[in-house]
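# Fold and contact review
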Amino acid sequence: MHIAQNVIDLVHVLGVAEPKVAILSAVETINSKIPSTLDAAALCKMADRGQITGGILDGPLAFDNAISEAAAKTKKIKSPVAGKADVLLVPDLEAGNMLAKQLQYLAGADAAGIVLGARVPIVLTSRADTVRTRLASIAVMKLIAHYRRTVAKNPV
């Protein structure tokens, strides 16, 4: 819940008024044998009840459904998030690390390593990160620090 709220708050700082958050799992249906599908359902219900605010959450969604409108349409998924996700929320640290590295190394994506939810700005990069990634990390954290000082009453 806190990770979802922190990333929504971050995306607000980056200029997206109502981010679409895809909560990822291996499948797009709730299955009691796959814990990440239950977690996704719980997060969505929390958003419905106002425990997570500022974004549109949907899940569980498989990766293809989260990023491809065609895949979502083929699987008959009706969702304001499917195929239009601003945020990909992963089930755990391992999945997140693998996804981030794949996006960087296979798709040429830029990255920024930051820690959200702390009292002070924390930039956390990999030993293998490029200078560009390190600079992006610092730049994003600078935006957050500026937002905290000048706009927000609650920290991101």
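This text gives an overview of the structure that appears in the document. (Residues numbered from 1 in each chain as written. Predicted model: local features only at pLDDT ≥ 70, side-chain atom pairs only at ≥ 80, totals over all residues. Heavy atoms only, no water.)

If you tally the helices and strands in the protein, you get six helices and five strands. Secondary structure of the protein in N-to-C order comes out as α-β-α-β-α-α-β-α-β-β-α. In terms of overall size, the protein behaves like a compact globule, its C-alpha atoms giving a radius of gyration of 16 Å where 156 residues would be expected to give roughly 15 Å. Taking the principal axes of the C-alpha coordinates as reference, the protein spans close to 40 × 35 × 25 Å. Buried residues in the protein amount to 33% of all 156 residues. Contacts spanning at least 24 positions in sequence make up 58% of the contacts within the protein whose residues lie at least 6 apart. Carbon and sulfur atoms provide 58% of the accessible area of the protein, an area that totals close to 9,700 Å². One finds the centroid of the 18 positive side-chain charges in the protein at a distance of 4 Å from the centroid of its 13 negative side-chain charges. (Helix = DSSP H or I, 4+ residues; strand = E, 2+ residues; numbered from the N terminus. Rg over C-alpha atoms; globule rule 2.2 N^0.38 Å. Buried < 20%, exposed > 50% of the residue type's maximum accessible area, 1.4 Å probe, protein only. Contact = heavy atoms within 4.5 Å. Areas by Shrake-Rupley, 256 points an atom, 1.4 Å probe, with all protein chains shown as cover. Lys, Arg positive; Asp, Glu negative; His and termini not counted. Charge placed at Lys NZ, Arg CZ, Asp CG, Glu CD.)

A few words now on the nonpolar core. Core analysis: the largest hydrophobic core is formed by 14 residues, its most contacted members being V21, I23, L43, I52, L57 and L89. Of all the secondary structure elements, the ones that give two or more residues to this core are α1 (2–13), β1 (20–24), α2 (35–48) and β3 (87–89). When near neighbours in sequence (up to four residues on either side) are disregarded, L57 contacts I8, V21, I23, L43, C44, A47, I52 and V81. By size, the runner-up hydrophobic cluster in this structure holds nine residues, among which are L61, A66, V81 and A82. (Core = buried A, V, L, I, M, F, W, Y, C linked by side-chain atoms within 4.5 Å.)

As a further point, take helix α5 (residues 93–107). Compared with the 21 Å implied by 1.5 Å per residue over 15 residues, the 20 Å span of α5 between its first and last C-alpha is a close match. Between a side-chain oxygen at the N-terminus of α5 and the backbone nitrogen of E94 the separation is 3.2 Å; the capping residue is D92. Positive phi shows up at G108, right after α5, with a value of about 70°. (Expected span 1.5 Å × (residues − 1). Polar contact = N/O pair within 3.5 Å; in protein donor to acceptor, adjacent residues only side chain to side chain.)

Each α-helix turn comprises 3.6 residues. Residues three or four places apart therefore point the same way. If you check α1, its first and last C-alpha atoms are 17 Å apart, about what 12 residues at 1.5 Å a residue would give, namely 16 Å. Every buried residue belonging to α1 is among A4, Q5, N6, V7, I8, L10, V11 and V13, and all of these are buried. Residues of α1 that are buried in the fold lie against β1, β2 (56–61), β3, β4 (114–115) and α6 (131–150). Two residues or fewer after α1 comes G15, characterised by a positive phi angle close to 105°.

Before going further, it helps to spend a moment on the pattern of salt bridges. Scanning the entire structure with this criterion turns up four salt bridges. In this structure, the salt-bridge partner of K75 is E28, at a minimum N-O distance of 3.6 Å. Linking K75 in the loop between α4 (69–74) and β3 with E28 in the loop between β1 and α2, this pair joins segments that are 47 residues apart in sequence. Look at E28 and you get partly exposed, because its relative accessible area is 26%. Among the ionic pairs, K84 bridges to E69, the shortest N-O distance being 4.0 Å. In this pair, K84 is assigned in the loop between α4 and β3 and E69 in helix α4, connecting sequence segments 15 residues apart. (Salt bridge = Lys/Arg side-chain N within 4 Å of Asp/Glu carboxyl O.)

In this section: the side chain of S25. Checked against the element boundaries, S25 lands in the loop between β1 and α2. Of note is the side chain of S25, whose polar atom sits 2.6 Å from the side chain of S36. Once residues within four sequence positions are removed from consideration, S25 is found in contact with I34, S36, T37, P60, L61, A62 and F63.

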